[in-house]
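One letter stands for each residue in the lines below.
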Amino acid sequence: MCQENISYTILKPHYLMTLLERDECVAEESDTRITTPPSIFAEACNNETYIEIWNDFMNRTGEEQEKVLLYLEQEVRQKPKERTNKTRDKRAEYPGYTPEECYQRINRSLRGTLKRRQIPMGTLECLEEEMLSFFSVTPESVYTAMMENSYQRLLLHAVCQYMDLVSASSEFKGKRQMRVVNRHKKFCPPELLLSSYLQMKC
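A brief look at the structure comes next. (Residues numbered from 1 in each chain as written. Predicted model: local features only at pLDDT ≥ 70, side-chain atom pairs only at ≥ 80, totals over all residues. Heavy atoms only, no water.)

1. Quick notes on helix α6 (residues 108–116)
All of the buried residues in α6 are Leu110, Arg111, Gly112, Thr113 and Leu114. Packed against the buried residues of α6 are α5 (99–105), α8 (150–162) and α9 (194–201). (Buried < 20%, exposed > 50% of the residue type's maximum accessible area, 1.4 Å probe, protein only. Helix = DSSP H or I, 4+ residues; strand = E, 2+ residues; numbered from the N terminus. Contact = heavy atoms within 4.5 Å.)

So this is what it looks like as structure tokens:
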């Protein structure tokens, strides 16, 4: 009797530990099942678009399937080349960078002002030279200048829009400050500057 009790009290803790270990394993497995995201195959099975594409592929003849697979292989090979080409700035090659297209980037009210007024070409050329010298050397920097003259600010806005730069005027310590940034990694100014374009149109 005593021996049975002793053996029982010795075995019982081991038995409880075994149960505890099993419970922990089950909990860990269930947690893993919950947190693990669905596989690509499971997502594809639940996506109607993928199913439609797959069914379309399977309904094709063997020859057509081979053509599709060959096309996909060629696309995969071409992708690295496309990535390297995207790093090169092609803006200067686009038709949108003709002088006329650059002029159309200037908003309508500014274009109206440029047409109505006698533009001080000396001031306009100085602003153009300032933008060219600054962004040609540091294309990713921010140009700042204090400009109290509202007409000069207007001209600078026109120059920036023509050159595909972003300009903004704000209050800074009681004065007007102009900030200009280049949205691109490189600076590609138009071949014909705004001052030359306006003189050509006159």
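2. A short note on the pattern of salt bridges
One pass over the structure, following the stated rule, counts 2 salt bridges. Salt-bridge contacts for Arg183 lead to Asp164; the nearest nitrogen and oxygen are separated by 2.3 Å. In this pair, Arg183 is assigned in the loop between β3 (175–182) and α9 and Asp164 in the loop between α8 and β2 (165–172), connecting sequence segments 19 residues apart. The closest approach of N and O atoms between Arg176 and Glu171, which form a salt bridge, is 3.2 Å. For Arg176, a relative accessible area of 22% corresponds to the partly exposed category. Judged by its relative accessible area of 53%, Glu171 is exposed. (Salt bridge = Lys/Arg side-chain N within 4 Å of Asp/Glu carboxyl O.)

3. Comments concerning the side chain of Asn182
Relative to the elements of secondary structure, Asn182 occurs in strand β3. On the basis of relative accessible area, Asn182 is assigned to the buried category, the value being 10%. In this structure the side chain of Asn182 is engaged in a polar contact, spanning 3.2 Å, whose partner is the backbone oxygen of Pro139. One polar contact links the side chain of Asn182 to the main-chain carbonyl oxygen of His184, over a distance of 2.9 Å. Discounting chain neighbours no more than four positions away, the residues touching Asn182 are Phe135, Pro139, Asp164, Leu165 and Phe187. (Polar contact = N/O pair within 3.5 Å; in protein donor to acceptor, adjacent residues only side chain to side chain.)

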